[in-house]
Amino acid sequence: MSYLTSKMVTIMVKERTFVMIKPDAVQRGLVGKVIQRFEDKGIKIVAIKMVSVKRELAEQHYGIHKGKPFFEPTVNYITSSPVVAMVLEGIGAIEMVRNMMGKTDPQKADMGTIRGDFGQSIGRNIVHGSDGPDTAKFEINLWFKPEEISNFTRIDEEWLTE
Ligand code: IDP
Ligand code: MG
């Protein structure tokens, strides 16, 4: 039955997601460690750059949170020092990256997740990852021009799936 099938079948869809290594992680020298986790998982970097984020970009990126008490502090945080912006690609990459990041508040994030292992406070939580397919599309377009994204096959890709 279709409703059972939808729960039993793992859908193998290649996705792209936007990931940002936030200013605290750059300042604390964690860029390599955070990227290493994604590479170790078999997730492919298809675009990467360091960005000193302008206020306008930060406000667009966090536009959905406008009016919330943490909006201004978060915009200030993201514009305070450079970030590393990336497009990552892999099967089910959007949810996989969110799971690898852990809960928004590093105090509540499980150990073994990036936020759980490297962070202490919700206002300094190391990393951002798109929260769904529509957000991923919006954020990739916001941060990257099409020509900044590379289409290529990594040599280990055929060993990631059966
Ligand atoms: P997410 O990054 O896990 O998707 P969101 O709820 O979308 O979490 O919040 C966006 C970002 O805003 C967080 O990653 C964090 O940097 C900041 N933020 C969210 N809630 C708070 C808060 O209560 N205090 C301070 N900063 C917050
Ligand atoms: Mg979010």
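This write-up is about the structure you can find in this document. From a predicted model like this one, the values you see are computed outputs, not experimental measurements.

Quick look at the environment of Gly-112 now. Mapped onto the elements, Gly-112 comes out in the loop between helix 6 (93–101) and helix 7 (114–118). Here Gly-112 is in contact with Arg-37 and Asp-117, once residues within four sequence places are set aside.

All told, the structure shown has 11 salt bridges when counted by the stated rule. The closest approach of N and O atoms between Glu-148 and Lys-49, which form a salt bridge, is 3.2 Å. Taken together, the residues span a long stretch of sequence, with Glu-148 in the segment after helix 8 (133–143) and Lys-49 in strand 2 (residues 44–51) at a distance of 99 residues. You can call Lys-49 partly exposed: its relative accessible area is 24%. Here Glu-59 ties to Arg-55 by a salt bridge, and the two come within 3.6 Å at their closest N and O atoms. Residue Glu-59 and its partner Arg-55 are located together in helix 4 (residues 55–61), separated by four residues, close to a single helical turn. Among the residues examined, Glu-59 registers a relative accessible area of 29% and is labelled partly exposed. Note on Arg-55: relative accessible area 36%, which makes it partly exposed. Taken together, the shared-partner salt bridges in this structure form one network comprising Lys-14, Arg-16, Lys-44, Glu-89 and Glu-157.

This paragraph deals with the environment of Asp-131. Within the secondary structure layout, Asp-131 lies in the loop between strand 4 (127–129) and helix 8. Along the primary structure Asp-131 and Val-97 are separated by 34 residues, whereas in three dimensions their C-alpha atoms are 9.1 Å apart. Ignoring anything within four residues of it in the chain, the contact list for Asp-131 reads Ile-94 and Arg-98. Of note is the side chain of Asp-131, whose polar atom sits 2.6 Å from the side chain of Thr-135.

Examined against the element boundaries, Ser-130 turns out to sit in the loop between strand 4 and helix 8. Reaching out from Ser-130, the side chain makes a polar contact with the side chain of Glu-139 at a distance of 2.7 Å. If we ignore the near neighbours within four places in the chain, the residues touching Ser-130 are Thr-17, Phe-18, Ile-94, Arg-98, Thr-135, Ala-136 and Glu-139.

Looking at chain direction, strand 1 (residues 14–21) and strand 3 (residues 83–91) are connected through eight bridges and run antiparallel. Looking at strand 3, one finds that Met-20 is bridged to Ala-85. Relative to strand 4, strand 1 is paired through three bridges, and the arrangement is antiparallel. By the bridge assignment for strand 4, Ile-21 is matched with Val-127.

What follows covers the packing of aromatic side chains. A full pass over the atoms with the stated rule returns two aromatic pairs. Where Phe-18 meets Trp-143, the ring centres are 4.9 Å apart and the plane angle is 25 degrees; that geometry is what we call stacked. One end of the pair, Phe-18, is in strand 1; the other, Trp-143, is in helix 8, and 125 residues separate them in sequence. Accessibility expressed as a relative area gives 0% for Phe-18, which makes it buried. In this structure an aromatic cluster arises from ring pairing among Phe-18, Trp-143 and Phe-144. A cation over a ring is seen here: Lys-44 above Phe-152, with NZ or CZ 5.1 Å from the ring centre. Against the face of Phe-144 rests Lys-49, its NZ or CZ located 4.5 Å from the ring centre.

Criteria and thresholds
- Residues numbered from 1 in each chain as written.
- Chains lettered and ligands numbered in written order.
- Predicted model: local features only at pLDDT ≥ 70, side-chain atom pairs only at ≥ 80, totals over all residues.
- Heavy atoms only, no water.
- Helix = DSSP H or I, 4+ residues; strand = E, 2+ residues; numbered from the N terminus.
- Contact = heavy atoms within 4.5 Å.
- Salt bridge = Lys/Arg side-chain N within 4 Å of Asp/Glu carboxyl O.
- Buried < 20%, exposed > 50% of the residue type's maximum accessible area, 1.4 Å probe, protein only.
- Polar contact = N/O pair within 3.5 Å; in protein donor to acceptor, adjacent residues only side chain to side chain.
- Pairing = 2+ DSSP bridges.
- Phe/Tyr/Trp six-rings, centres within 6.5 Å; stacked < 30°, edge-to-face > 60°.
- Lys NZ or Arg CZ within 6 Å of the ring centre and 35° of its normal.

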